[in-house]
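Residues per chain are reported as follows:
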Amino acid sequence: MVVDPQSKEGLSPRDVQRTGRGRALITGGWTLRVAGIVVGLGGTGWFRAGFRDGRLPAGLHQPWWWLGELGAVVAAVLGLWVLGVGRRLVVRGKQHTTPTIDSFDRVLETRYVLYLRPFYNDPILAEQPLDISGGSGLGDGVYFTSGLTHEEALTRRFRRFGRVVAVGRPNEPLPLPGASRGYLPDDDQWKSAVSRLIRHAHVVLLTAGDGPGTVWEFTEALRILPPERLVLLVYGTPDDYDSFRRALGEYYASRSSEEPGAPDSGRWPALPALPDFPPPARPRRPWWEVVVNGGRSRLRWDFVLKGVVVFDPDWRASFVRFDPTAVRLPSVLTLNRLVRRRLRPTMDRLAALPPRG
């Protein structure tokens, strides 16, 4: 039987959750978001109106013109601040309303997607995108993001294959919005529980990381999971990805020499050769070249999820890169369309898999 971890206050996350408070925070947060959008866009439009047609305004030397532009800047900054407060309140409210899992034993009887990741990645994925259009953090695109955290966006893409579940971080006061979390004892027993979850999952999403828990999870998936059901999520830099590959190689060599392999054969499969991190199609231009030529860098914005590594039935791996330089005019629509297009072959293969027994 799976038990909940006890926080420092002696309460599990579901004991601390308050649904009514969460709904109130979400309502208040969305109200502030709308107010921030109205004020911020108004200030931005007001400021731009002072430079209409790209020419110096006639009132440039008049005090009223400078006061008007100063007021526009204050309104834009105030709108961004109110928007940010609203976004944080919405996330906090969702933490109170996100369902938790009483027992993973019942999850095993359903069709589900297992989301595994190093716990240090949680704060990054609990954030919301600041700007989806230009990377500066000051463009209009900041006002038109969905309001979903990175983890929520990830779970929405894969929930068509089943409920997305995850093991919660021990001693976390509240679950993060996104995958439904259950809790395991903070001792060595977690490995047997996670192994069962891997074995019965329809799809396993595993975030690359060089921590001992993550490399154990990948090695366990390699031992007992059909390769086409594993999707490796790549966040961070190419150096982070290379660090994961090195840690995996060292751990795999040690474990495969000491323990029995796959249950049906007792042998370990060969460690798949994980592909290199693909560079951008259009390399970033140096900042001085951008300034001198009056152009814009091609890589001012990047995806938090850089790409995924997927496997064929023989464990041959391929890297599906979400390349921001492939989009000439970044926007909510074009960037989402790029991710959907790049993921479509993988999603089609996952949809064709038979249910797990």
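Residues numbered from 1 in each chain as written. Predicted model: local features only at pLDDT ≥ 70, side-chain atom pairs only at ≥ 80, totals over all residues. Heavy atoms only, no water.

(A) Quick look at a nonpolar patch on the surface. A contiguous nonpolar surface patch, about 600 Å² in accessible area, is contributed by Trp30, Val34, Val38, Val39, Leu78 and Trp81. Examining the composition of the nonpolar patch, we find that 4 residues originate from one element, helix H2 (residues 19–49), more than from any other. Residue position: Val38 is located in helix H2. (Patch = residues over 30% accessible without salt bridge, like charges linked within 9 Å, V, L, I, M, F, W, Y side chains within 5 Å. Areas by Shrake-Rupley, 256 points an atom, 1.4 Å probe, with all protein chains shown as cover. Salt bridge = Lys/Arg side-chain N within 4 Å of Asp/Glu carboxyl O. Helix = DSSP H or I, 4+ residues; strand = E, 2+ residues; numbered from the N terminus.)

(B) Highlighting helix H8 (residues 212–224). For H8, which comprises 13 residues, the first-to-last C-alpha distance of 18 Å matches the rise-based estimate of 18 Å (1.5 Å per residue) to within 8%. Burial in H8 covers these residues: Thr214, Val215, Trp216, Glu217, Phe218, Thr219, Glu220, Ala221, Leu222, Arg223 and Ile224. (Expected span 1.5 Å × (residues − 1). Buried < 20%, exposed > 50% of the residue type's maximum accessible area, 1.4 Å probe, protein only.)

(C) Up close: the side chain of Glu152. Along the chain, the position of Glu152 falls in helix H6 (residues 150–158). In this structure Glu152 comes out as buried when scored by relative accessible area, which is 10%. A polar side-chain atom of Glu152 sits 2.9 Å from the main-chain amide nitrogen of Thr149. Not counting residues up to four positions away in its chain, the partners in contact with Glu152 are Lys94, Gly147, Pro177 and Gly178. (Polar contact = N/O pair within 3.5 Å; in protein donor to acceptor, adjacent residues only side chain to side chain. Contact = heavy atoms within 4.5 Å.)

(D) Molecular detail of the nonpolar core. Formed by 40 residues in total, the largest nonpolar core has its most connected members in Leu114, Ile198, Val204, Phe218, Leu230 and Leu274. The element that contributes the greatest number of residues to this core is H8, accounting for 6 residues. Leave out the neighbours within four places in its chain, and Leu274 touches Phe218, Leu232, Tyr241, Phe244, Arg245, Leu248, Val309, Phe311 and Ala317. If you look at the next biggest cluster of nonpolar residues, it comprises 28 residues, including Phe161, Val308, Val310 and Leu353. (Core = buried A, V, L, I, M, F, W, Y, C linked by side-chain atoms within 4.5 Å.)

(E) Geometry of the pairing of strand E1 (residues 112–116). In terms of residue burial, E1 counts as a mostly covered element, since 5 of its 5 residues are buried. Of the strand pairs in this sheet, E1 and strand E2 (residues 163–167) are connected by 4 bridges, and their pairing is parallel. Pairing of Tyr112 across the sheet is with Arg163, part of E2. Pairing of E1 with strand E4 (residues 203–207) involves 4 bridges; the strand directions are parallel. Its bridge partner being in E4, Val113 is matched across the sheet by Val203. (Pairing = 2+ DSSP bridges.)

(F) Seen up close, helix H7 (residues 190–200). Turning to H7, its buried residues are Ala193, Val194, Ser195, Leu197 and Ile198. Among the structural elements, helix H4 (104–107), E1, E2, E4 and H8 are those in contact with the buried residues of H7.

(G) Spatial organisation of the packing of H7 against H8. Direction vectors running N to C along H7 and H8 enclose 45°, while the axes themselves pass 10 Å from each other. Taken together, H7 and H8 sit at an angle that is classed as oblique. Read as a crossing pair, H7 and H8 show a hand that is right-handed. Together, Trp190, Lys191, Val194, Ser195, Ile198 and Arg199 of H7 and Gly213, Trp216, Glu217, Glu220, Ala221, Arg223 and Ile224 of H8 make up the contact between the two elements. (Axes fitted to C-alpha atoms, helices over the stretch in contact; angles between N-to-C directions. Parallel < 35°, antiparallel > 145°, perpendicular 65-115°, else oblique. Left-handed = near helix turned anticlockwise from the far one by under 90°.)

Taken by themselves, the reported measurements are silent on function.
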